[in-house]
Each structure stands twice: as structure tokens, then as C-alpha cells.
Amino acid sequence: MKDGFIKVACATPKVKVADPVYNAEKIIEIIKETGANGASLLVFSELTISGYTCGDLFLQQPLLAECKNQLLKIAKETKDENMLVIVGCPLVVKNKLYNCAVVINCGRILGIVPKTHLPNYSEFYELRHFASGKDLDDMIWQGLGDEPVPICTNQLFTCAEIPELVVACEVCEDLWVPLPPSTYHAMAGATVICNPSASVETTTKENYRRNLVANQSARLLAAYLYANAGEGESTQDVVYSGHHLICENGSVLAEAKRFTNEIIYADIDVQRLAAERRKMTSFPGEQIGDYAEIEFSLNITDTKLSRTFPKAPFVPDRQEERDKRCHEILTIQAMGLKKRLEHTNCKHAVVGISGGLDSTLAVLVTARAFDMLEIPRENLICVTMPCFGTTDRTYQNAVSLIRELGATLKEVNIEKAVRQHFSDIGHDEENHDVTYENSQARERTQILMDMANQCNGMVIGTGDMSELALGWATYNGDHMSMYAVNCSVPKTLVRYLVLYYAETVENQKLSDVLMDVLDTPVSPELLPPVDGVISQKTEDLVGPYELHDFFLYYMMRFGFPKEKLYRMAKQTFEGVYEEDVITKWLDKFYWRFFSQQFKRSCLPDGPKVGSVAVSPRGDLRMPSDASPSAWL
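A brief structural summary. Just so you know, these numbers come straight off a predicted model, no measurement behind them.

Definitions and cut-offs
- Residues numbered from 1 in each chain as written.
- Predicted model: local features only at pLDDT ≥ 70, side-chain atom pairs only at ≥ 80, totals over all residues.
- Heavy atoms only, no water.
- Pairing = 2+ DSSP bridges.
- Helix = DSSP H or I, 4+ residues; strand = E, 2+ residues; numbered from the N terminus.
- Buried < 20%, exposed > 50% of the residue type's maximum accessible area, 1.4 Å probe, protein only.
- Right-handed = clockwise from strand over helix to strand, strands pointing away.
- Phe/Tyr/Trp six-rings, centres within 6.5 Å; stacked < 30°, edge-to-face > 60°.
- Lys NZ or Arg CZ within 6 Å of the ring centre and 35° of its normal.
- Axes fitted to C-alpha atoms, helices over the stretch in contact; angles between N-to-C directions.
- Contact = heavy atoms within 4.5 Å.

So, on to the sheet that holds strand S18 (residues 408-411). On the basis of which strands lie adjacent, the open sheet formed by five strands has the order S18-S17-S16-S19-S20 and parallel pairing. Of all the strands in the sheet, the pair left with one neighbour each is S18 and strand S20 (483-484). Both strand S17 (residues 380-384) and S18 contribute to a ladder of four bridges, which runs parallel. Each residue of the ladder has a partner; that of isoleucine 381, found in S18, is threonine 408.

A word on the pairing of strand S11 (residues 223-228). When you tally the buried positions in S11, you get six out of six residues, the bulk of the element. Where burial is concerned, the two faces of S11 agree: the one with Ala223, Leu225 and Ala227 and the one with Tyr224, Tyr226 and Asn228 are both buried. In the sheet, strand S10 (residues 192-197) pairs with S11 via six bridges, with the strands oriented parallel. Each bridged residue has a counterpart across the sheet, and for isoleucine 193 the counterpart in S11 is tyrosine 224. Crossover connection from S10 via helix H4 (residues 205-220) to parallel S11: handedness right-handed. Where S11 lies against strand S12 (residues 245-248), four bridges are found, and the strand directions are antiparallel. When the sheet's bridge partners are listed, tyrosine 226 is paired in S12 with leucine 245.

To continue, consider the packing of aromatic side chains. Scanning the entire structure with this criterion turns up 24 aromatic pairs. A ring pair is formed by tyrosine 475 and phenylalanine 598, whose centres lie 5.4 Å apart and whose planes are at 40 degrees; its orientation type is tilted. Taken as a pair, tyrosine 475 in the loop between helix H11 (465-470) and S20 and phenylalanine 598 in helix H18 (residues 597-600) lie far apart in primary sequence, 123 residues in all. One aromatic cluster is present, formed by Phe5, Phe309, Phe314, Phe550, Tyr553, Tyr554, Phe558, Phe560, Phe573 and Tyr577 through successive ring pairs. Seen from the ring of tyrosine 22, lysine 16 lies directly overhead, with NZ or CZ sitting 4.4 Å from the centre. When the ring centre of phenylalanine 5 is taken as reference, the NZ or CZ atom of lysine 564 above it lies at 4.6 Å.

Next up on the list: the sheet that holds strand S8 (residues 155-159). Sheet strands pair by backbone hydrogen bonding; their relative direction is either parallel or antiparallel. An order of S13-S12-S11-S10-S9-S8-S15 is seen for the seven strands of this open sheet, with the pairing classed as mixed. Only two strands of the sheet have a single neighbouring strand rather than two, namely strand S13 (251-255) and strand S15 (292-296). Direction aside, the axes of adjacent strands within the sheet are offset by 20 degrees on average. In the packing of H4 onto the sheet, the strands contacted are S10, S11, S12 and S13, and the crossing angle to S12 comes to about 35 degrees.

Functional significance is not addressed by these values, which are geometric in nature.
Okay, here's the thing in C-alpha cells:
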């Protein structure tokens, strides 16, 4: 339960219809089993203690009395379980029968939430037996346990130890109406919605149910636990499948195999949900109606996570989805540049081409924008500017790439100019320090800008978002351009965009060049090569980009603290990086991210393509002088 992760479960026993004693025994067994497996929140199906399909037996006193007795027994016999349990039970209040979700914690019945919307169509006839809970607000019933128990629809169950864990309930049909009670619960502060349900199984209903639960969790920025009735219910006219679902903000975290009465588990992240709500200022925070707030307690335990995190959160795992994402991003990049070229009536563009991934992507995007505007590709001027660190491999790839694209290639060797600059400022060429490196980068930028002036063109930036996050750019060197097409594309995604282009382009020679670019180590090529091979590898200096992109995504997207990022990275990259290596680069990430904000504060324009971006005019309004102490 540390770091906002809560292990939750949904279950239904193989009930015996109208046999509360038997059902209670099975419920207690499941509570203890899920507790032993680390669950802190467990939701059972609708009317679990009696079974949902009792029909007119719900009007019989013996059934109702035994349900109440067994409810008390369940609470008593699970008092040592460190969890919150929601179980379905029919209960009588002031001579009316209600279909209820009962909330239990450590032997106490905390509250009773009656069903609001009672279906009375097709196979359902709940109005024959039950009253709606909408008229029970503000009532207190003392008929259970030693303490007064609130019975109303508006209840929030808040965890004393984990303030982001706020639980609310609605029952089955309540979700299927135009304005579900869970909407109000979430607005009042609930981050987790629990739904004991008895949804019959008919053909095609599975997909509808899944979409309904997932979409409600997305709309509410909440976790949604849906526990459905299953085998054991009467099949006199219908069948129940036990189709449980655990969703979080639109994603299905766990789903039961139908017709098996399977217990499902998932680790929900209430800190992530709270972060989403803080960020989304349009999410309503007002409370509509009075709510009873009931506090419960959980012992904080270090439960092993079953939840997994993608190594590359910016890149979809499945190739079909990844290809679709790549096509979409390339289009967004090209459309952004297209508008800028149109607005400035610009017919030429200048790109510095190195034979590396970033400049390759920038050239591909620019060519695409030119095609959209029907500007001849020869107006795309690609400039290779070899110097001390340029290798033959990257040079040849740059030349071949431009030739196959049909763009114009120009070469300006900058060695003489840089040496003159060293002489002018009194710098020893044998001193391969930051001055030695940055002088080359700034000389290249000057050439690009001046060549753009010559053709009344625009310099297209090549730097990616990962470099900007780390400040891995020469200030007023490769840091600067007139439009930066890659500025919100992380390094781990750049590779797949180029790969997608290589795999879909019809020109085989172009594809071969792109594949060799992909196989080339990432390097700024500012230091002399050794025996013709790249001597300066970026990831040896700033760390693995797959780690930095992992840190960047979860810090920027959800504001996660260092301990949580470390825990997630340790699990995700187990067997890839040692723990001390992760710690080293996590500290380096924070230090660089905070110290290099001044470079991001004056970024050129460029298109946002995903949910994380570092533009000072968009997603990151951050002071350049902020201290990283609280993060470190």
C-alpha cells in the first residue's frame, strides 16, 4: 500500500440461492484468501449473502433475518483482516426492503449504501421487492452492531493513513442510468467507486459492459471496481457470468474470465488519480448534496506489486497500435510545420543533417510538409557540416538520405572556421572541453541561419524532448531554430518513428539508409573518432535514454516523487540495470532537469504531439531558478 498503490480485488462465491449461512461461509473464506494475497479492498457481487435471484423469497422474514445474522457474523469473523470489504445484502429499514452495499472494516460495519435506481424491465423486477435508496439520505439506523450505522446513498469512506483513498459505492443499475450516483461521488472526492452488481449475460453484452465501466472510470478520473454475480445464481430464465472488471481512468487493469467465478486482483494507484484531478482544472470539485464521511483505517504494508509499467511509456507495446501512433505523430509534426510555412509564405527550409536519428526525423517530417504544400523537395536544403568528430558512416548516411529524398544537399566543412575561432578566443585545440564542443555546435547554427537568410527560408530544429529535458543541447547552438519539429518527441519514440518510415516507404534504398541510421550509436560527434569509429556516445555521458524517458513521463505526467519513481523503475528494469545504477541516473535526471530549465524557457515554437511536453508556453511553466532539493 506504499506510494499510493492499493491492491484491490473483485469476487463472487458460488452461491446457493436463499442460503445465507452457506454463502456467508464462502464469503468469509474469500475475504481471508484475498487478505492473505495482500488485498486491501474487496468488492463482492450484488446481494451476495442471499443470492440475487431469490425472487419473491425476498418478502419472507426467515430469509431477511438470516441475511442480517450472517452479515454480523461476516463482520465479526473478519475483524483481524486488514482490508475494506463491500458485500451485497438485503436489509429492512422502517418496514421497507433495500438492496444494499454494506461496507465493513476490521469487524465494524461502517455504512450501508442502498441501491438508487431499481430496474423493472425485461428480466428485472426489483420494484416488486425493493424500495429506492434515494429517500434515505441523512438517516441513521442503529440496528447493526454496537455503533450507529448510516444508511444513505451519499457516503464517502476515507482512509486515515492514505488520504487519496476515498471509496464510494453504487449498486449495479445505478451505473447504467444517464447520471449515475458515482458521478456525484467522484465530484465529492471519491477516487474509488465500488459496484456490487448482478448483470445477466447475453450475447454481445460483455463488450458493452466493459466499455461502460472503463468509460465511467475515465470520466470520473477514478478507479472502478465492478463485481458481477456468477455461477450459483438461479438459471431459471437467465445466466450470470461473474464478469468482474477493475478499471482505472479508462484502462482495464484486470478482467475476470467469464463463467468461472474467478477472483481478480489489481494494483490501483490513487496518487496517480489524485494527480490527474489536480492537473485537470475542469474536473469539478464541488460537492452536490450532503455526504456522510466515514473514516476507516488500514495498516500500511509493503505489498509486492503485481502491476507492471511499460519500459517505454511513450511507445505502445503492440506493433499495430505503435504503427498507428507513429503515423499520427508524423502527421501532427508535418501539419505544425505546414502551417508555419504557409503563414510565413516560406518556400524553402534549411536543416542541418548529421546522419543521426534526430536530424533524420526532422528531414523526413519537413519533406512530408513540403509534399502537403506541393513545394518541390529540392527547396529543402540539407546541410552537412563535417568537423573533428564526423565519421564516414554518419557522413555517407546523411548524403544517401538526402539523395534518396530528392532534397538539395550542401556541404560546408567547418574545421577551418572553428580553428580560426579557437585562435580568436585563445583556445587550445588540444583541450577537448565544453568550449571545444560547443564552438562546433554554434558555428553550425550560424551557418544554417545565414543560409536560410540567403534563400528566404526557415531553419528547422532537430533536437528532441529528451535532450531538452536533460539540457543536452548547446545554448544558442543546436538549441535554437525557427521551428522545432521534434521538440515534444522523446528519444525512445524518435527511433520508432524513423523505423516506421523505413518499414512503410516504397523506396528500398531509402529504407536501407534509415535502417543503418537506426543502427548507429547516438552521438553528438563533437570529439575526434578513434580509428574511424564514434568515440563519444551520449548515453555514456548522460545515462540511458530509456531510463530518462521513464523518469520524465511519470514525473511530468503525474508528479510522482523520487521514491516512487525508483520503486517503479527497479521493478520495470529488473535484470537490466542494477539498483545503484538506477539511483545514479535518477539523481542525475533531477539535477539536469532543474538546472537546465533556462534552456527550455526560450525554446522555439514546435508542435505538441503527446500528453507530456516541456514548452514554456504550454505544459511546463517552470522558473529557471527552482531548487531540486524537495525532489532529491
